[in-house]
Amino acid sequence: MIRKGWDIKLRLLHWAIALTATFQQLSSMYMSNPGTQFLFPYHRIVGAVAAIVLLLFWLYSYAIYDLKMLFPWGRDARREVLRESFALFRGRLPRTGRGIGLSGFVHGLGLLALSGCACTGMIMFAMIPPGHVGPPSDPMAFTRYTLQHKFFGEMLWIYWCGHTVFALVHQLTGGHVLGSIFGLGRKRN
Ligand code: HEM
Ligand code: HEM
């Protein structure tokens, strides 16, 4: 089966999501250090932007019927995911592009991890809005949300590492996946 490419709107949304989410992950590594605490306000603001981009990504995926590729719940779709998972153990890479299979399902799981970060992050944003001075009004609840935020952050790191490694392996084995998702030419539908 020939798979479709990504349309220009999805490629732009992917650019936005990859840049903002990756910034969030990298800034989180240094924003608790004494010399680089100035990164925290940026983490808050870019986090809010990432949450808005993510919402647009979900809405667009829903609008173009992409959800069944991100979450393959039908019997045939589940079989395809299992088949590609077993094939991976035998050294065969899953197929790339817009279609039902293991890659799409893993992208769905990545979006869930990012959504967990965005939801808990936005709750913390509301508890300490820009300009707020001093501790949050409910420190216990704030700590609980940071722990949940950390959990989703770790899931996002696992996704990010796997996603990037597979993208590079596909690219190096002649898949041209980077051009298909990051290219900005018009004719890729
Ligand atoms: C946390 C940051 C990122 C997230 C949340 C993310 C998410 C996604 C999602 C959801 C898709 C599938 C789009 C769809 O099915 O509608 C996708 C595709 C893709 N992403 Fe990312 N991405 C991220 C970062 C990156 C980075 C840094 C790279 C470059 C190494 C990359 C390379 C790709 C490629 C090559 C595809 C197409 C895969 C294929 O053809 O099967 N992504 N990404
Ligand atoms: C989609 C948006 C966001 C992403 C992807 C994200 C990602 C992350 C990641 C990966 C970490 C490191 C977790 C770890 O230590 O393992 C982190 C930490 C943190 N983030 Fe975010 N974040 C987002 C939005 C926000 C927002 C809007 C806030 C608002 C206050 C926020 C507040 C924090 C705080 C306070 C920590 C430190 C937690 C701790 O170490 O105790 N984040 N974030």
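Given the structure is predicted, the values throughout are model-derived calculations rather than measurements. (Residues numbered from 1 in each chain as written. Chains lettered and ligands numbered in written order. Predicted model: local features only at pLDDT ≥ 70, side-chain atom pairs only at ≥ 80, totals over all residues. Heavy atoms only, no water.)

## With respect to the site of ligand 1
To keep it simple, the criterion reads: We call a residue near a molecule or strand when any one of its heavy atoms sits within 4 Å of it. In protein, a polar contact requires one atom able to donate a hydrogen and another able to accept it; more generally it is a pair of N or O atoms within 3.5 Å, and residues adjacent in sequence count only if both atoms are side-chain atoms. Lining residues are defined by having an atom within 4 Å of a point belonging to a cavity or pocket. Those points lie on a 1 Å grid over the protein atoms alone, cavities being sets where a 1.4 Å probe fits but cannot get out and pockets being open sets with protein on both sides within 12 Å along at least five of seven lines. More than half of a molecule's atoms lying within 2 Å of a cavity's or pocket's grid points is what places that molecule inside it. Helix and strand assignments follow DSSP, with helices taken as H or I runs no shorter than four residues and strands as E runs no shorter than two, numbered in order from the N terminus. Just so you know the grouping, Ala, Val, Leu, Ile, Met, Phe, Trp, Tyr, Cys and Pro go in nonpolar, Asp, Glu, Lys and Arg go in charged, and all remaining residues, Gly too, go in polar.
Close to ligand 1 lie 24 residues; His14, Asp66, Gly97, His107 and His163 are nearest. Measuring from a nitrogen atom of ligand 1, one finds a side-chain N or O atom of His14 at 2.8 Å. Asp66 places a side-chain nitrogen or oxygen 3.0 Å from an oxygen atom of ligand 1. More than half of the atoms belonging to ligand 1 lie within 2 Å of the grid points that define the largest pocket. Looking at the shell around ligand 1, the elements that each hand over two or more residues are helix H1 (8-30), helix H5 (102-127), helix H6 (139-172) and helix H7 (177-182). Residue contributions to the shell around ligand 1 peak at six residues, all from H1. Looking at side-chain class alone, the shell around ligand 1 contains 16 nonpolar, seven polar and one charged residues.

## Thoughts on the coordination of the iron atom of ligand 1
Heads up, the rule is: Donor selection uses N, O and S atoms within 2.8 Å of the metal (3.2 Å for Na, K and Ca). Since no water is included, sites may look incomplete. Every geometry call rests on angle ranges, with four donors termed tetrahedral when all angles are between 85 and 135 degrees, four termed square planar and six termed octahedral when opposite donors are over 155 degrees apart and all others are between 65 and 115, and everything else termed irregular. Buried means the residue's accessible area, taken with a 1.4 Å probe over protein chains only, is under 20% of the maximum for its type, while exposed means over 50%, and partly exposed covers the values in between.
Those protein atoms acting as donors to the iron atom of ligand 1 are His14 (NE2) and His163 (NE2), and they sit at 2.0 Å. What the six donor atoms of the iron atom of ligand 1 show is an angle range of 86 to 178 degrees at the metal, which sorts the shape as octahedral. Note that His14 is positioned in helix H1 and His163 in helix H6, a separation of 149 residues in sequence. Looking at His14, the relative accessible area reads 14%, which means it is buried.

## Examining the nonpolar core
The nonpolar side chains of a soluble globular protein tend to be buried with one another. Heads up, the condition is: Take the buried residues of types Ala, Val, Leu, Ile, Met, Phe, Trp, Tyr and Cys, join any two whose side-chain atoms come within 4.5 Å, and each joined set is a nonpolar core. Between two residues, a contact is recorded if the distance between any of their heavy atoms is within 4.5 Å.
Within the largest apolar cluster, 20 residues are counted, with the highest numbers of intra-cluster contacts made by Leu10, Ile17, Leu54, Phe57, Leu111, Leu114 and Leu156. At the level of secondary structure, the elements contributing two or more residues to this core comprise H1, helix H2 (39-63), H5 and H6. Leaving out residues up to four positions away in the same chain, Leu114 has contacts with Ile17, Ala21, Leu54 and Leu156. Met124, Met127, Ala141 and Phe142 belong to the second-largest nonpolar core, a separate cluster that totals five residues.

## Considerations on the layout of surface pockets
As a reminder, the rule being used: Grid points are joined across faces, edges and corners, and a volume is the space filled by probe spheres set on the points.
What the largest pocket holds in volume is close to 1200 Å³. Those elements that provide at least two residues to the lining of the largest pocket are H1, H2, helix H3 (67-70), H5, H6 and H7. Considering every element that reaches the lining of the largest pocket, the biggest residue donor is H6, with 11 residues. Across the lining of the largest pocket, the residue classes tally to 29 nonpolar, 16 polar and three charged. Counted as a void, the second largest pocket has a volume near 830 Å³. Together, 31 residues line the second largest pocket, and Ser28, Met31, His43, Met124 and His149 are the ones closest to its centre. Within the lining of the second largest pocket, the residues separate by chemical class into 18 nonpolar, 10 polar and three charged.

## Some thoughts on the site of ligand 2
Near ligand 2 lie 20 residues; those nearest to it are Gln24, Ser28, Met31, His43 and His149. The separation between a nitrogen atom of ligand 2 and a polar side-chain atom of His43 is 2.9 Å. Measuring from a nitrogen atom of ligand 2, one finds a side-chain N or O atom of His149 at 2.8 Å. If you map ligand 2 onto the pockets, it falls in the second largest pocket. Where the shell around ligand 2 is concerned, the elements lending two or more residues are H1, H2, H5 and H6. For the shell around ligand 2, a count of residues per class yields nine nonpolar, eight polar and three charged.

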